Amino acid sequence: MSALVGVLGLQGGVSEHIELLQDLGVNTCWVRTPSDLLGADGVRLDAIVLPGGESSVMDRLLRTFELFEPLKQVISDGLPTLGTCAGLILLARTVLDPAPGQRSLGVLDATVRRNAFGSQVDSAEVGLETADGPVKVAFIRAPQVVEVGPEVEVIARRGEAIVGVRSGAITGLAFHPEVTGEPRFHQRLLAEAGFGRLSNAG
Ligand code: GLN
């Protein structure tokens, strides 16, 4: 049986994640309503991706579509989750430089500063060494992780800045692997969901 991976599809760069996941041979769906997330017997997904975009808009839409609490619940209950850029911001316990009224799901014990690398013109493709091996990825108005809790593993840095973290089945990345077609974080997500092998630097 193939995995079913949802991509939060309220706003932002959804289709790149869908394409990358489909290239890895898994079934995908957009998550826009609570019933995309939950069936009669509980969560219907094997894993979920929170894409990049604008975290304050996603936060607002999550509440409008009554997805905020169900999403927080399934991730807290252990659904393997990959958040990229705005997705990382959504996951974080604390957000620095938030938009007015912006909230986050608070399921990842980390403090994240929005737009920490400057504005859109500072966006760049960058090679990084990570705990999952060397990657080439895109930074787009990227956040930075400025503090992590004791359970959180740092998996990537750009210079001194923490740009990738993992805690249990949650991975948060300040960058976009899907923009450069870098598959290893999605492969790792599938492995967390029981579809594939869990290995470092594999
Ligand atoms: N700066 C955006 C935010 O605060 C994130 C940018 C991105 O996801 N590429 O949500």
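Above: the structure in question.
Residues numbered from 1 in each chain as written. Predicted model: local features only at pLDDT ≥ 70, side-chain atom pairs only at ≥ 80, totals over all residues. Heavy atoms only, no water.

Draft legend 1. Focus on helix H3 (residues 55-64). Of all the positions in H3, only Ser 55, Ser 56, Met 58, Asp 59 and Leu 62 are classed as buried. Taken down its axis, H3 places every buried residue within 160° of arc, on the same side. Structural note: H3 exposes Arg 60 and Thr 64 on the side pointing more than 90 degrees away from its buried face. Of the surrounding elements, those touching the buried residues of H3 are strand E1 (4-8), helix H4 (68-76) and helix H5 (86-91). Once H3 ends, the next one or two residues include Glu 66, with phi positive near 55°. (Buried < 20%, exposed > 50% of the residue type's maximum accessible area, 1.4 Å probe, protein only. Helix = DSSP H or I, 4+ residues; strand = E, 2+ residues; numbered from the N terminus. Arc of directions from axis to C-beta. Contact = heavy atoms within 4.5 Å.)

Draft legend 2. Structural context of the nonpolar core. Core analysis: the biggest nonpolar cluster contains 60 residues, and Val 5, Leu 8, Leu 50, Leu 62, Leu 71, Ile 75 and Phe 175 have the highest contact counts within it. Considering every element that reaches this core, the biggest residue donor is H5, with 5 residues. Discounting residues that sit within four places of it in the chain, Phe 175 has contacts with Thr 84, Cys 85, Leu 128, Val 137, Ala 138, Phe 139, Ala 156, Val 163 and Phe 185. (Core = buried A, V, L, I, M, F, W, Y, C linked by side-chain atoms within 4.5 Å.)

Draft legend 3. Molecular detail of the pairing of strand E6 (residues 81-84). Of the two faces of E6, the one lined by Thr 81 and Gly 83 and the one lined by Leu 82 and Thr 84 are each fully buried. Inspection of the sheet shows strand E5 (residues 47-50) paired to E6 by 3 bridges, in the parallel sense. When the sheet's bridge partners are listed, Leu 50 is paired in E6 with Gly 83. Pairing geometry for E6 and strand E14 (residues 170-173), over 4 bridges, is parallel. Bridge pairing in E14 links Gly 83 to Gly 172. (Pairing = 2+ DSSP bridges.)

Draft legend 4. Inspection of the site of the ligand at higher detail. Looking at the ligand, the residues that line it are Gly 52, Gly 53, Glu 54, Ser 55, Cys 85, Ala 86, Ile 89, Arg 114, Asn 115, Ile 140, Arg 141 and His 176. Take Ala 86: an N or O atom from its main chain is 3.0 Å from an oxygen atom of the ligand. His 176 has a polar side-chain atom sitting 2.9 Å from a nitrogen atom of the ligand. The protein chains hide 98% of the 300 Å² of surface that the ligand would expose on its own. Comparing atom positions with the cavity grids shows the ligand to sit within the largest cavity. Grouping the amino acids of the shell around the ligand by side-chain chemistry returns 4 nonpolar, 5 polar and 3 charged. (Near = heavy atom within 4 Å. Polar contact = N/O pair within 3.5 Å; in protein donor to acceptor, adjacent residues only side chain to side chain. Areas by Shrake-Rupley, 256 points an atom, 1.4 Å probe, with all protein chains shown as cover. 1 Å grid on protein atoms, 1.4 Å probe; cavity = no way out; pocket = protein on both sides within 12 Å on 5 of 7 lines; lining within 4 Å. Sits in = over half its atoms within 2 Å of the grid points. Nonpolar A, V, L, I, M, F, W, Y, C, P; charged D, E, K, R; others polar.)

Draft legend 5. Highlighting unusual backbone geometry. Notably, Glu 66 is not glycine yet its phi reads approximately 55°, a positive angle. Its location among the elements puts Glu 66 in the loop between H3 and H4. In this structure, Arg 141 takes a positive phi of about 40° despite not being glycine. Among the secondary structure elements, Arg 141 is positioned in the loop between strand E10 (133-139) and strand E11 (144-148). The exposure class assigned to Arg 141 is partly exposed, which follows from its relative accessible area of 30%.

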